[in-house]
Amino acid sequence: MTRNKAQKAVTRQRMAETGEPYTVARRATLSSDDPSSEEQYAREAREAGVSEAEIAAQLAAFRLRDAAEQARELADAAEEAADVAERRAELARDSAGLAADGADRQELARALEHAEAAERAAERERARADAAEDAADAAEERAELAELAEEEADLGRRGPAGRRPGGLPPIGALPPLPPQPPQPPRPPRPW
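Residues numbered from 1 in each chain as written. Predicted model: local features only at pLDDT ≥ 70, side-chain atom pairs only at ≥ 80, totals over all residues. Heavy atoms only, no water.

(A) Summary view of the overall build of the chain. The secondary structure content of the chain amounts to 5 helices and 0 strands. Listed by position from the N terminus, the elements making up the chain come as α-α-α-α-α. Within the chain, the fraction of its 191 residues that count as buried is 25%. Contacts in the chain between residues far apart in sequence, at least 24 positions, make up 61% of those at least 6 positions apart. (Helix = DSSP H or I, 4+ residues; strand = E, 2+ residues; numbered from the N terminus. Buried < 20%, exposed > 50% of the residue type's maximum accessible area, 1.4 Å probe, protein only. Contact = heavy atoms within 4.5 Å.)

Structure below.
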């Protein structure tokens, strides 16, 4: 977790310096010092007594989160391309409508063909955007699962019986609440 906070601080500093969006700045900072940042994290984690399996799980979670962010960026770009293609198709359809007013059959046929081609391109772009969105959702889900696994591993490191700091039992280990006493009968309604 410490490495994650440090990475965010470096990313935010780059954002302030360059004006880049968070994801662009994060990728740049990761690529500028990645694998050494991963190596540094692994070294610090080993020094702190973290097992190799846990280190590998955390590194995998980092990589999955990065992949999810990249997939989301691709989905956003595909969505933008689909919007542009749909606007082009609308313009082509409008142009064909205007051409119908004063054009000969050949010009009208070309305008309609252009409009239909633009509509097909828009449909393809929309399908790509939908596929990219699905891929981004799946990548984010994998990253969340990896983070949950990391949190589970963190809970396992807390000691016997899963005790939390301060000696509190795990959240699910509390006894159930006692049953509520029965409600008194309602008085009859005066009619």
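From this point, the narrative continues.
(B) Expanded view of the packing of aromatic side chains. Under the counting rule described, the total for this entry stands at 1 aromatic pair. On the numbers, 5.4 Å between centres and 75 degrees between planes, the contact of Y41 with F62 is edge-to-face. Of the two residues, Y41 sits in helix α3 (residues 36-47) while F62 sits in helix α4 (residues 52-102), which places them 21 residues apart along the sequence. Side by side, Y41 and F62 carry an identical accessibility label, which is buried. (Phe/Tyr/Trp six-rings, centres within 6.5 Å; stacked < 30°, edge-to-face > 60°.)

(C) Region of interest: the pattern of salt bridges. Applying the stated criterion to the full structure yields 10 salt bridges. Residues R72 and D137 are paired through a salt bridge, measuring 2.7 Å at the closest nitrogen-oxygen approach. Of this pair, R72 sits in helix α4 while D137 sits in helix α5 (residues 105-156), and the two are 65 residues apart along the sequence. Here R126 and D83 are joined by a salt bridge, their closest N and O atoms 2.9 Å apart. (Salt bridge = Lys/Arg side-chain N within 4 Å of Asp/Glu carboxyl O.)

(D) Main features of the nonpolar core. Grouped together as the largest cluster of nonpolar side chains are 10 residues: A68, A71, A75, A78, A82, A129, A132, A136, A139 and A143. Elements with a minimum of two residues in this core: α4 and α5. With near-sequence residues (within four places) excluded, A78 lies in contact with E125, R128, A129 and A132. Counting 9 residues, the second-largest nonpolar core is a separate cluster that includes A92, A96, A99 and A115. (Core = buried A, V, L, I, M, F, W, Y, C linked by side-chain atoms within 4.5 Å.)

(E) Layout of the environment of A77. For A77, the location among the structural elements is in helix α4. Spatially, the C-alpha atom of A77 lies 9.1 Å from that of A132, the residues being 55 residues apart in sequence.

(F) Up close: the confidence of the model for the chain. Overall, the predicted model of the chain reaches an average pLDDT of 77, with 79% of residues at or above 70. Confidence, read as mean pLDDT per element, is least for helix α2 (residues 22-33) in the chain (69) and greatest for α4 (84). (pLDDT = per-residue confidence, 0-100.)

(G) Main features of the environment of A60. You can see A60 is positioned in helix α4. By relative accessible area, which is 32% here, A60 ends up partly exposed. Separated by 87 residues in sequence, A60 and E147 place their C-alpha atoms 9.2 Å apart.

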